[in-house]
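Reading the structure
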Amino acid sequence: MSVQNVLNTIKEKGIEWVDFRFVDLNGRAHHISLPASEVEEETFVNGVAFDGSSIPGFRGIEESDMVMMPEPETSYIDPFTAHPTLVIMSNIHTPDGARYDRDPRSIAQKAEEYLQTTGVGTTVFFAPESEFFIFDEVRFESKQNSSSYFVDSEEAHWNTNRKEEGGNLGFKVGHKGGYVPVGPTDTQQDIRSEMCRLLMESGLRIERHHHEVATAGQGEINFRFDTLTKTADNLMKYKYIVQNTARQYGKVATFMPKPLFGDNGSGMHVHQSIFNGDTPLFYEKGGYGNLSEMALHYIGGILYHAPALIALTNPSTNSFKRLVPGYEAPVNLVFSKGNRSAAVRIPVAAVTPKGCRIEFRTPDSTANPYLCFAAMLLAGLDGVKKKIDPIALGYGPLDKNIYELPEEEKKEIRSVPGTLDEALDALEADYEFLTEGGVFSKDFIDNYVALKRDEAKAVSIRIHPHEYSLYFDL
């Protein structure tokens, strides 16, 4: 959509406010709203000013002036505001007009530009499967003298004997028993359908939705693949609409990877492939999983750099509560066709040459999508450039249920880092693949690591309630 089309939409749809948004390092969206009467062609040239010092990980107060530069093709009408509002995503520039090197969206665009300079291909496509929970209630606190959390859902297996429902009607979702049951067990068909309706009205092509494995309201909605930056934009839109639709229903949606102890967590499996024009480059009939040599090298780059990559694809302390054996979490750094126990899966069911792709199953939705997708592309391209052979390096293929392998065989399989600090250590030791083509700067990486170290420390020094169970009576 051009600037003129945006201005026409404002007139034709009776838009009262234009909401300019940008994304911080953690992947949270921020916004400033302008009256539609104040938005004109010059707005897209001069941008919208904001205070960068108030955004964690951006700039100091002595250099706080920053500018949002709107991208008109990202516009859509907000389905939740009482006053008609048009949403537009923005890149971040410094006052002198330069792209800000800590702006996640600009990093994503630079990754796409770098791909085109490599000669490998012209376009990379991404398709994330972002899971979430819908709860009826969430409460938490972390104080000097107390620490607790509480979540609840009418679906939860722990509520089979709850009386507060005004008469318990049963049909609760069993422990790890939530994968695609029909109603009345699946109570969230209508809310997910409403989410999909709003997503489609906002421009996303929805492929399907369903209940996921965990109890207590885990769901998934799949939308159509697109290019790297557009898919990241779409994921931001997806999360916004999912969370606000839940709020309209009097519920709360979270993309937190592991909100429940003892059941499956929420991942973000990311499908990806490279094309040269209209020609798919990951397909070769007769190869393993019908993959080309380029695709295998791309997998090699993903798995070789995975410990560092995970600092960007799984960037929360909670991520590593999900990345443990026993809950279908892809902790094993191997590849395999059709095998959901491997970190990299090659889908083989109903796949055409253009649909041939690889799926990295380790990421979760605490990742900033712009940084996550850019980092995966750069890791894969490094594998293509250096011809990293995943088979020679012992990354598979492993066509077995890895969860049920004997312990001796499991010891031979490399696993993901066990904590956020370990992933950050790996990133500090292996970051050069990210700085290729100037996509990520060393300053960005140092700043990002420092920000995430602070998060990890904030969690590690706090008393956990379970420690009282373990140690209070000693």
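Residues numbered from 1 in each chain as written. Predicted model: local features only at pLDDT ≥ 70, side-chain atom pairs only at ≥ 80, totals over all residues. Heavy atoms only, no water.

1. Regarding the domain arrangement of the chain
- On domain assignment, one finds that the chain holds domain 1 (3–100) and domain 2 (123–464).
- Between the C-alpha centres of domain 1 and domain 2 there is a distance of 28 Å.
- Counting residues at the interface gives 16 residues for domain 1, matched by 19 residues for domain 2.
- When the two sides are added together, the surface that domain 1 and domain 2 hide from each other amounts to roughly 1500 Å², 64% of it contributed by carbon and sulfur.
- Of all residues in domain 1, the largest losses of buried area upon contact with domain 2 belong to L25, Y76 and F80, amounting jointly to 44% of the total for that side.
- Where domain 1 meets domain 2, there are zero salt bridges.
- Taken together, the connections running from domain 1 to domain 2 amount to six residue pairs in polar contact (both at pLDDT 80 or more).
- Tallied by class, residues from the side of domain 1 that touches domain 2 come to eight nonpolar, four polar and four charged. (Domains from an automatic or database assignment. Contact = heavy atoms within 4.5 Å. Buried area = accessible area lost by both parts, 1.4 Å probe. Salt bridge = Lys/Arg side-chain N within 4 Å of Asp/Glu carboxyl O. Polar contact = N/O pair within 3.5 Å; in protein donor to acceptor, adjacent residues only side chain to side chain. Nonpolar A, V, L, I, M, F, W, Y, C, P; charged D, E, K, R; others polar.)

2. Looking at the pairing of strand β14 (residues 268–276)
- Most of β14 sits inside the fold, with eight of its nine residues counted as buried.
- In this sheet, strand β18 (residues 358–360) lies alongside β14 in antiparallel orientation, the contact comprising three bridges. Looking at β18, one finds that Q272 is bridged to I358.
- Two elements, β14 and strand β15 (residues 279–280), share two bridges in a ladder whose sense is antiparallel. Across the sheet, residue N276 finds its bridge partner in β15, namely T279. (Buried < 20%, exposed > 50% of the residue type's maximum accessible area, 1.4 Å probe, protein only. Helix = DSSP H or I, 4+ residues; strand = E, 2+ residues; numbered from the N terminus. Pairing = 2+ DSSP bridges.)

3. Let's talk about a negative patch on the surface
- On the surface, a cluster of negative charge is made up of E38, E40, E41 and E42.
- The topology assignment puts E40 in the loop between β2 (29–35) and α2 (43–46).
- Residue classification places E40 among the partly exposed positions, given a relative accessible area of 43%. (Patch = residues over 30% accessible without salt bridge, like charges linked within 9 Å, V, L, I, M, F, W, Y side chains within 5 Å. Areas by Shrake-Rupley, 256 points an atom, 1.4 Å probe, with all protein chains shown as cover. Lys, Arg positive; Asp, Glu negative; His and termini not counted. Charge placed at Lys NZ, Arg CZ, Asp CG, Glu CD.)

4. Some thoughts on the packing of helix α5 (residues 228–248) against helix α9 (residues 369–386)
- The N-to-C vectors of α5 and α9 enclose an angle of 150°; their axes lie 9 Å apart at closest approach. The angle between α5 and α9 places the two elements in the roughly antiparallel class. Note that α5 runs across α9; the crossing there is right-handed. For the pair α5 and α9, the contacting residues are L228, T229, T231, A232, D233, L235 and M236 in the first and P369, Y370, F373, A374 and L377 in the second.
- Split into classes, the residues belonging to the contact of α5 with α9 amount to nine nonpolar, two polar and one charged. (Axes fitted to C-alpha atoms, helices over the stretch in contact; angles between N-to-C directions. Parallel < 35°, antiparallel > 145°, perpendicular 65-115°, else oblique. Left-handed = near helix turned anticlockwise from the far one by under 90°.)

5. Brief notes about unusual backbone geometry
- In this structure, P184 follows G183 across a cis peptide bond, with omega equal to 10°.
- Looking at the secondary structure, you find P184 in the loop between β9 (147–152) and α4 (189–201).
- In this structure, P397 follows G396 across a cis peptide bond, with omega equal to 5°.
- Notably, A216 is not glycine yet its phi reads approximately 65°, a positive angle.
- By the element assignment, A216 lies in the loop between β10 (206–211) and β11 (218–223).
- Residue A216 is classed as buried on the basis of its relative accessible area of 0%.
- For N290, which is not glycine, the phi dihedral falls at a positive 60°.
- Inspection of the secondary structure assignment puts N290 in the loop between β15 and α6 (293–304).

6. A word on the nonpolar core
- Within the largest apolar cluster, 118 residues are counted, with the highest numbers of intra-cluster contacts made by Y238, I274, F373, L377 and F440.
- The greatest single-element share of this core, amounting to 12 residues, is contributed by α9.
- A domain split of this core shows at least three residues from each of domain 1 (3–100) and domain 2 (123–464).
- Not counting the four nearest positions on each side in its chain, I274 is found in contact with L115, V120, G121, T123, V124, T279, P280, L281, F282, Y298, L377 and L381.
- In terms of nonpolar packing, the next biggest core, distinct from the first, is built from seven residues, F133, A214, A216 and L260 among them. (Core = buried A, V, L, I, M, F, W, Y, C linked by side-chain atoms within 4.5 Å.)

7. Topic: helix α3 (residues 104–118)
- Its 15 residues give α3 an end-to-end C-alpha distance of 21 Å, which sits within 8% of 21 Å, the value for a rise of 1.5 Å per residue.
- Counting buried positions over the 15 residues of α3 gives 11, a clear majority of the element.
- Every buried residue belonging to α3 is among P104, R105, S106, I107, A108, Q109, K110, A111, E112, Y114 and L115, and all of these are buried.
- Backbone geometry just downstream of α3 places G119 in the positive-phi region, at approximately 80°. (Expected span 1.5 Å × (residues − 1).)

8. Here we look at the pattern of salt bridges
- Throughout the structure, instances matching the rule amount to 26 salt bridges.
- Among the ionic pairs, R224 bridges to E207, the shortest N-O distance being 3.3 Å. Residue R224 is found in the loop between β11 and β12 (226–227), and its partner E207 is found in strand β10; the two are separated by 17 residues along the sequence.
- Judged by relative accessible area, R224 falls into the partly exposed class, the value being 31%.
- The shortest N-O distance in the salt bridge between E436 and K385 comes to 3.5 Å.

9. Examining helix α1 (residues 3–12)
- Of all the positions in α1, only V6, L7, T9 and I10 are classed as buried. Seen from one end, α1 has its buried residues packed into an arc of 155°, which puts them on one side. Relative to its buried face, α1 has exposed residues pointing more than 90 degrees away, namely K11 and E12.
- Lining the buried residues of α1 we find β1 (17–23), α2 and β6 (85–93).
- With its phi angle positive at about 65°, G14 sits one or two positions after the end of α1. (Arc of directions from axis to C-beta.)

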